[in-house]
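Structural description and commentary
Residue strings, one per chain:
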Amino acid sequence: MEITTSQFKHCDVIKVTGRIDSATSPQLAEAIAKINDQGRYKLVMDFADVSFISSAGLRVLIATLKNCRRYNRGDLLLSSLPENIHSVFDLAGFTSIFKIYDDVLSAVASF
Amino acid sequence: MGSRIFPGNFESLADISEFIRLEGKEAGLSDKENFELETAVDEAVSNIIEHAYGGEGIGDIFCICTPIADGIEVILEDYGQPFDPSCVAAPDLNVQLKNRKNHGLGYFLMCQLTDVVHFEFSEKQNRLTLIKRKK
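Conventions adopted
- All residue numbers refer to position in the chain's written sequence, counted from 1.
- A letter from A marks each chain and a number from 1 marks each ligand, given out in the order of writing.
- Per-residue local features of the predicted model are confined to residues with pLDDT of at least 70, and side-chain atom pairs are confined, for both listing and counting, to 80 or more; whole-chain, interface and lining totals are unaffected and use all residues.
- Only hydrogens and water are set aside when side-chain values are computed; all heavy atoms of the structure are taken into account.
- Note on pairing: two strands pair once DSSP finds at least 2 bridges between them.
- Put simply, DSSP H or I for four residues or longer makes a helix, DSSP E for two residues or longer makes a strand, and each gets a number counted from the N terminus.
- Note on method: axes are straight lines fitted to C-alpha atoms, helices fitted across the in-contact stretch only, with angles between N-to-C directions ranging 0 to 180 degrees.
- Here, two residues are considered to be in contact whenever any of their heavy atoms come within 4.5 Å of each other.
- To sort residues, take the accessible area from a 1.4 Å probe on protein chains only and compare it with the maximum for the residue type: under 20% means buried, over 50% means exposed, and anything in between is partly exposed.
- A crossover gets the label right-handed when its path from the first strand over the helix to the second runs clockwise, viewed with the strands pointing away from the viewer.
- Buried area counts how much accessible surface, traced with a 1.4 Å probe, disappears from two parts once they are put together, with both parts' losses summed.
- In what follows, salt bridge is the name for a side-chain nitrogen of Lys or Arg lying within 4 Å of a carboxyl oxygen of Asp or Glu.
- Counting of polar contacts relies on pairs of N or O atoms within 3.5 Å, with two restrictions inside protein: one atom must be capable of donating a hydrogen and the other of accepting it, and residues adjacent in sequence are counted only when both atoms are side-chain atoms.
- Buriedness of a pocket was judged along seven lines, with at least five required to meet protein on both sides within 12 Å; pockets are open sets of points on a 1 Å grid over the protein atoms alone, cavities are sets where a 1.4 Å probe fits but cannot get out, and lining residues have an atom within 4 Å of a point.
- Grid points are joined across faces, edges and corners, and a volume is the space filled by probe spheres set on the points.
- The residue classification treats Ala, Val, Leu, Ile, Met, Phe, Trp, Tyr, Cys and Pro as nonpolar and Asp, Glu, Lys and Arg as charged. All others, Gly included, are polar.

Before going further, it helps to spend a moment on the sheet that holds strand E3 (residues 71-78) of chain B. All names here are of chain B. Strands sit in the order E1-E2-E3-E5-E4 across an open sheet of 5 strands; the sheet is antiparallel. This sheet does not close on itself; its edge strands, each paired only once, are strand E1 (2-7) and strand E4 (116-121). Here the strands of the sheet are splayed against their neighbours by 15° on average, with no regard to which way each runs. Pairing between E4 and strand E5 (residues 126-133): 6 bridges, direction antiparallel. Pairing of Glu120 across the sheet is with Arg127, part of E5. Against the sheet, helix H1 (residues 12-26) touches E1, strand E2 (60-68) and E3, its axis set at about 175° to E1.

Residue and element names in this part refer to chain A. Spatially, the 5 strands line up as an open sheet ordered E1-E2-E3-E4-E5, and their pairing is mixed. At either end of the open sheet lies a strand with only one pairing partner, and these are strand E1 (2-7) and strand E5 (99-101). Direction aside, neighbouring strands of the sheet carry axes that sit 25° apart on average. When strand E4 (residues 75-79) meets E5, the two strands line up parallel, connected through 3 bridges. Across the sheet, the residue bridging to Leu77 is Lys99, located in E5.

What follows covers the pairing of strand E2 (residues 12-20) of chain A. Residue and element names in this part refer to chain A. In terms of burial, E2 is largely enclosed, as 7 of its 9 residues are buried. Alignment of E1 against E2, held across 6 bridges, turns out to be antiparallel. Among the inter-strand pairings, Gln7 is bridged to a residue of E2, identified as Asp12. Taking the residues that link successive antiparallel strands as the turn, the E1-E2 hairpin has 4 residues. Across 8 bridges, the pairing between E2 and strand E3 (residues 42-53) is parallel. Across the sheet, Lys15 pairs through a bridge with Asp46, a residue of E3. With helix H1 (residues 25-36) bridging E2 and the parallel E3, this β-α-β connection has right-handed handedness.

Contacts between the two partners involve 25 residues from chain B, matched on the other side by 25 residues from chain A. Together chain B and chain A conceal approximately 2200 Å² of surface at their shared face, both sides included; 64% is due to carbon and sulfur atoms. Three residues stand out in chain B for area buried against chain A, namely B:Phe35, B:Leu97 and B:Asn102, and they jointly supply 33% of the buried area on that side. On the surface where chain B and chain A come into contact, there are 1 salt bridge. Scanning the region where chain B abuts chain A turns up 7 residue pairs in polar contact (both at pLDDT 80 or more). Counting residues per element, the ones that place at least two in the side of chain B that touches chain A are H1, helix H2 (31-52) and helix H3 (106-113) of chain B.

All names here are of chain B. Note on placement: Thr114 falls in the loop between H3 and E4. For Thr114, a relative accessible area of 8% puts it in the buried group. A sequence separation of 18 residues divides Thr114 from Lys132, and the C-alpha atoms of the two residues are 5.0 Å apart. The residues touching Thr114, leaving out its near neighbours within four places in the chain, are Leu37, Ala40, Leu130, Ile131 and Lys132.

It is worth spelling out empty space enclosed by the protein at this point. Residues and elements named next belong to chain B. For the coordinates displayed, the defined rule picks out 1 cavity of 30 Å³ or more. By volume, the largest cavity amounts to about 120 Å³. In terms of lining residues, the largest cavity is bounded by 15 residues, among which Ile48, Asp78, Phe83, Phe119 and Leu128 are the most central. Of all the secondary structure elements, the ones that give two or more residues to the lining of the largest cavity are H2, E3, E4 and E5. In terms of residue count, the dominant contributor to the lining of the largest cavity is H2 (4 residues). Across the lining of the largest cavity, the residue classes tally to 10 nonpolar, 3 polar and 2 charged.

Right under this line is the structure:
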């Protein structure tokens, strides 16, 4: 898994490439924590190149969502979900609690 | 039929996924069905490492794939502690975010994404059978 982060005026974009599983999810949690440690809680996660996500990755996402929305200080928006990943999100009940956008630009513009 | 032995650590997950993908393809699963099987097996293997072995690098995981008439059977064997995730409460997906638990989705996904989930525990080994049928 590779993670690249980009800081914009109103939010940070986290682009993940590859698998998010039990082996790699700690790395994702660490990358998010680094952004939160700077007092930044408005996040967009770009899933366009994510090939796989397991419940270990879903745990990171829901913990991040709770943390970002606390005190109404931000949000975690998801963008560009591949069809297979979207199906997993549907099953896990994530599509009703996350805001999901077709592309990164739309997500960034919504902040 | 294909069988492989994988070291019981999380780094094996990508290799196991690739193995399952190849076996599923040979058994005639669609890309979507194969992705669902990969997800279920990933959850099962993660449970074995985390709960049956109690950590990484403790024991191996045996994976046996057998094509069946309408899909594929995947057997996962380990020599750790018996761990039956069906005893874990199912996640409530309809609660508000603040009440939603971060854990508990693994077994739920495993059951949703395969047609049969069957555990057998003996003194010597644990065996999980997953069956994924073609639609």
